Amino acid sequence: MTTVAYQGERGSNSATVARALFPDGTELPCTGFEQALDAVTLGTADVAAIPVDNSAAGRVADVHHLLPESGLFIVGEYFLAIRFDLMGVPGASLDQVECVRSHVHALGQCRKLLREGGWRTLVSDDTAGSAREVAELGDPRHAALAPPAAAALYGLDVLRAGVEDDPDNTTRFVVLSREQGPWPGTDEPTVTSLFFCVRNIPSALYKALGGFASSGVNLTKIESYQMGAGLNPSRFYVEIEGHPDEPNVALALQELRFFSSEVRILGVYPSHPHRRGERPA
């Protein structure tokens, strides 16, 4: 039985992903992303399901910084359609609400509702956690923005359903493991995630990435971050469409290594159907 670590509480979007990917697995809720990754590193969990970016709110803070440092490998990805309900204690009405609680990303993804209501907001550590907090308070003046599953889990009433600003709101999750695992074959759609640090020379980034362009490799994501006091060369997290064993990808990686002081492949895994136009679950 697979133990899946994730940041958040039961009823959160991360818990939904854990159940979708590992329906017979055991959930291990964690207080933060670093704790979820540490659970895998230390062997308390087999894998971790971690959100990396959202179509409305952008990248999830700290995750791209934590991934290369964790020593774990990305073995899969999952796209989840994000839905939020406004929920309150049993018997509460919308007119009674004065304060709405949720994770900062959820508050940012439901701005239209919050402007319409004119309510005060409080930031919680987790979307499902905000539902638990409202249930524990038992105060009809407090409501939570949380995934639909949280209402039944914490005994709350849904005051308004489907309140996210964007009906196509989607979060991408990655699955991390201690072991790299077998790579998919070169005959199936594949994503390769890698980390690199450019050499401290003029135009190093331009030259390092030039091989992807000249080899016709589609680069779907690049994130930069600085380590130390800012005097060191930038580090980059990159995702490409393709397999390292494909000739054009191998050629691009060869050029990348020439202009980089470090290149590390973080994962080679099957492309999720959402990348090919299918709607997320």
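Before reading further, recall that the structure is shown in the block above.
Residues numbered from 1 in each chain as written. Predicted model: local features only at pLDDT ≥ 70, side-chain atom pairs only at ≥ 80, totals over all residues. Heavy atoms only, no water.

Caption draft 1: Local environment of the sheet that holds strand 8 (residues 120–123). Spatial strand order, 8-7-9-6-10: five strands in an open sheet with mixed pairing. Every interior strand has two partners, whereas the edge strands, strand 8 and strand 10 (157–160), have only one. This sheet shows a mean twist of 35 degrees between the axes of neighbouring strands, independent of strand direction. Where helix 6 (residues 127–137) meets the sheet, its contacts fall on strand 6 (85–88), strand 7 (99–102) and strand 9 (142–146), and the angle it forms with strand 9 comes to roughly 160 degrees. (Pairing = 2+ DSSP bridges. Helix = DSSP H or I, 4+ residues; strand = E, 2+ residues; numbered from the N terminus. Axes fitted to C-alpha atoms, helices over the stretch in contact; angles between N-to-C directions. Contact = heavy atoms within 4.5 Å.)

Caption draft 2: Local environment of the sheet that holds strand 13 (residues 218–225). Read from one edge of the open sheet, four strands run 13-14-12-15, paired in antiparallel fashion. Sheet topology places strand 13 and strand 15 (260–270) at the edges, where each strand pairs with a single neighbour. If you compare each strand with its neighbour and ignore which way they point, the axes differ by 15 degrees on average. Here seven bridges tie strand 12 (residues 190–198) to strand 14 (residues 235–241), and the two strands are oriented antiparallel to one another. Bridge pairing links Leu194 to Val238 in strand 14. The strands touched by helix 8 (residues 204–214) are strand 12, strand 13, strand 14 and strand 15; relative to strand 12, the strand with the most contacts, the crossing angle is about 160 degrees.

Caption draft 3: Representation of the pattern of salt bridges. Taken as a whole, this structure holds 15 salt bridges when the rule is applied. Residues Glu69 and Arg235 are paired through a salt bridge, measuring 3.3 Å at the closest nitrogen-oxygen approach. With a gap of 166 residues between them, Glu69 in helix 3 (residues 63–70) and Arg235 in strand 14 connect regions that are remote in the sequence. Its relative accessible area of 43% is what places Glu69 among the partly exposed residues. For Glu164, the salt bridge is made with Arg83, and the minimal N-O distance between the two is 3.8 Å. One end of the pair, Glu164, is in the loop between strand 10 and strand 11 (170–177); the other, Arg83, is in the loop between strand 5 (73–81) and strand 6, and 81 residues separate them in sequence. Members of the salt-bridge network, linked through shared partners, are Glu77, Arg172, Glu239 and Arg275. (Salt bridge = Lys/Arg side-chain N within 4 Å of Asp/Glu carboxyl O. Buried < 20%, exposed > 50% of the residue type's maximum accessible area, 1.4 Å probe, protein only.)

Caption draft 4: Broad picture of unusual backbone geometry. Here the phi dihedral of Ser203 falls at roughly 60 degrees; this positive angle occurs in a residue that is not glycine. Relative to the helices and strands, Ser203 resides in the loop between strand 12 and helix 8.

Caption draft 5: Examining the packing of aromatic side chains more closely. In the structure shown here, the tally under the stated rule is two aromatic pairs. Ring centres of Phe196 and Phe236 lie 5.2 Å apart, and the angle between their planes is 20 degrees; this geometry places the pair in the stacked category. Here Phe196, found in strand 12, pairs with Phe236, found in strand 14; they are 40 residues apart in sequence, far enough to count as distant. The lysine or arginine in question, Arg199, covers the ring of Phe258, its NZ or CZ lying 6.0 Å from the ring centre. (Phe/Tyr/Trp six-rings, centres within 6.5 Å; stacked < 30°, edge-to-face > 60°. Lys NZ or Arg CZ within 6 Å of the ring centre and 35° of its normal.)

Caption draft 6: Representation of the side chain of Asn13 in the model. Following the sequence through the fold, Asn13 ends up in helix 1 (residues 13–21). Residue classification places Asn13 among the buried residues on the basis of a relative accessible area of 13%. Look past the residues within four positions of Asn13 in its chain and what remains in contact with it is Leu80, Ile82, Phe84, Thr127, Pro147 and Phe173.

Caption draft 7: Spatial organisation of the nonpolar core. Of all hydrophobic cores here, the largest spans 26 residues; its most connected members are Leu86, Val100, Trp119 and Leu145. Secondary structure elements with two or more residues in this core: strand 1 (3–7), helix 1, strand 3 (47–54), strand 5, helix 4 (104–108), helix 5 (111–117), strand 9 and strand 11. Top element by residues in this core is helix 1. It accounts for three residues. Residues Leu37, Ala48, Val60 and Val174 belong to the second largest nonpolar core, which totals 25 residues. (Core = buried A, V, L, I, M, F, W, Y, C linked by side-chain atoms within 4.5 Å.)

Caption draft 8: Broad picture of the packing of helix 2 (residues 33–41) against helix 3. Axis separation between helix 2 and helix 3 bottoms out at 11 Å; the angle between their running directions is 20 degrees. By the angle class used here, helix 2 and helix 3 are roughly parallel. Our pair here, helix 2 against helix 3, has a crossing hand that is right-handed. Note on element contacts: helix 3 touches helix 2 through Val63, Leu66 and Ser70, opposite Phe33, Glu34, Leu37 and Thr41. Among the residues forming the contact of helix 2 with helix 3, the class breakdown is four nonpolar, two polar and one charged. (Parallel < 35°, antiparallel > 145°, perpendicular 65-115°, else oblique. Left-handed = near helix turned anticlockwise from the far one by under 90°. Nonpolar A, V, L, I, M, F, W, Y, C, P; charged D, E, K, R; others polar.)

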